[in-house]
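Listed below are the residues making up each chain.
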Amino acid sequence: MKKTITQKNFKEEVLENMTLSLIQFKTEWKGTCQIVAMIYDDLAKSYKGMVNFYTVDFENEPALANEFGIMEAPTILFYKSGKLIDHTVGLIPKNVLISKIENALSN
């Protein structure tokens, strides 16, 4: 299951959490974001209980996007034990995301 995250709860939900967390920065109107969102939703169901999935609306949380240097949507950040360990930008195939998740879980 995915949750919306804001600048107010980012530290508590992601930085202070030891579990692998994916944060998708997106917009509602952009086509590539809509495509990645479908893949992201599917992965959130597949990895339920193992990985935390969050979304950030790029336009509603510009300060959070700026804080992490997010210039393009969709961008997905991978955090584990409070540290940024990987990221993706743009349209990315589902199998590549699965590979990145599996790699992060095994390390």
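Please refer to the structure placed before this passage.
Let me sum up the structure you'll find in this document. The structure displayed is predicted, hence computed values, not measured ones.

Basis of the calculations
- Residues numbered from 1 in each chain as written.
- Predicted model: local features only at pLDDT ≥ 70, side-chain atom pairs only at ≥ 80, totals over all residues.
- Heavy atoms only, no water.
- Helix = DSSP H or I, 4+ residues; strand = E, 2+ residues; numbered from the N terminus.
- Pairing = 2+ DSSP bridges.
- Axes fitted to C-alpha atoms, helices over the stretch in contact; angles between N-to-C directions.
- Contact = heavy atoms within 4.5 Å.

1. Some details on unusual backbone geometry
With an omega of 5°, the peptide bond between Ala73 and Pro74 qualifies as cis. With respect to the element layout, Pro74 can be found in the loop between helix H3 (62-67) and strand S4 (75-80). Here Ser81, not a glycine, exhibits a phi torsion of approximately 55°, which is positive.

2. Brief notes about the sheet that holds strand S5 (residues 83-89)
As summarised here, the arrangement of the five strands in space is S1-S3-S2-S4-S5, forming an open sheet in which the pairing is mixed. Since the sheet does not close on itself, it has two edges, and those belong to strand S1 (2-4) and S5, each with one partner. On average, adjacent strands in this sheet sit at an angle of 25° to one another, irrespective of strand direction. With respect to the sheet, helix H1 (residues 7-15) is in contact with S1, strand S2 (20-26), strand S3 (51-57) and S4, its orientation differing from that of S2 by roughly 145°. Against the sheet, helix H4 (residues 94-106) contacts S2, S3, S4 and S5, and its axis sits at roughly 15° relative to S4.

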